[in-house]
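# Secondary and tertiary structure notes
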Amino acid sequence: MHRLLTRASLSIAVVMGSLLTGGAAYAEPAPKVRVVLESIIAYDLEESGHDEVYVIAQYEGKTLHLFPTRSGEFSVARNDCIYISGDSCPPGTNRLGYYSANEPSYTANGKLLMVALREDDISGDDTLINVPIWPQPISETQYFREEANINGYHYAFNFRLEPSY
Ligand SMILES: [Ca+2]
Ligand SMILES: [Ca+2]
């Protein structure tokens, strides 16, 4: 009896497994992509003391604030890591978080979508990291791991594009 039960549950497991695999194979690429911020790491600042950072998305002439969610900027010191989602902050960094960000969806039509990490300045804001994307339909999450160590500053900027319907 025990052996019979075991065999029955084994075959159920196999059927379920093949159903799951079959389902994934038929997934259509999503018509939209969602931008989900993960973290911003200030290894070395653009200014001395503190930088005031924010993230925007630009698409078809419109600019949307992703972080902070409403407007303005977020003050960081050297080695601060603003954590929003995804992988944890690198060892040795000072994790700030958990923060939220806006997660807009954009039509996957190949038009330019710019995701930018900027630093607020009276004499015109500085672009720390600019990531141009031409979104195509996707069925799996795409990860963007950007790092800039130039012009006297060192930042890492992580986000992902998720399929969106
Ligand atoms: Ca500056
Ligand atoms: Ca500044």
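Each value, and the rule that gives it
Residues numbered from 1 in each chain as written. Chains lettered and ligands numbered in written order. Predicted model: local features only at pLDDT ≥ 70, side-chain atom pairs only at ≥ 80, totals over all residues. Pairing = 2+ DSSP bridges. Helix = DSSP H or I, 4+ residues; strand = E, 2+ residues; numbered from the N terminus. Core = buried A, V, L, I, M, F, W, Y, C linked by C-beta atoms within 7 Å. Buried ≥ 20, exposed ≤ 12 C-beta atoms within 10 Å, placed from the backbone. Contact = placed C-beta atoms within 7 Å.

Per an unreviewed UniProt entry, the chain carries the name Secreted protein and comes from Streptosporangium canum.

Both strand S1 (residues 32–44) and strand S7 (residues 105–107) contribute to a ladder of three bridges, which runs antiparallel. Opposite Arg34, over in S7, you have Ser105 as the bridge partner. As paired elements, S1 and strand S11 (residues 153–164) share eleven bridges and run antiparallel to each other. By the bridge assignment, Lys32 is partnered in S11 with Ser164. Across four bridges, S1 lies against strand S5 (residues 80–83) in antiparallel orientation. When the sheet's bridge partners are listed, Ser39 is paired in S5 with Tyr83.

The next thing to look at is the nonpolar core. Counting residues in hydrophobic clusters, the biggest one holds 32 residues, and the most contacted among them are Val35, Leu37, Ile40, Ile41, Leu66, Leu117 and Tyr155. Secondary structure elements with two or more residues in this core: S1, strand S2 (51–59), strand S3 (62–67), S5, strand S8 (113–119), strand S9 (126–133) and S11. The biggest single contributor to this core is S1, with seven residues. Beyond its immediate sequence surroundings of up to four residues, Leu37 is in contact with Val55, Leu66, Phe67, Ile84, Ala101 and Phe159.

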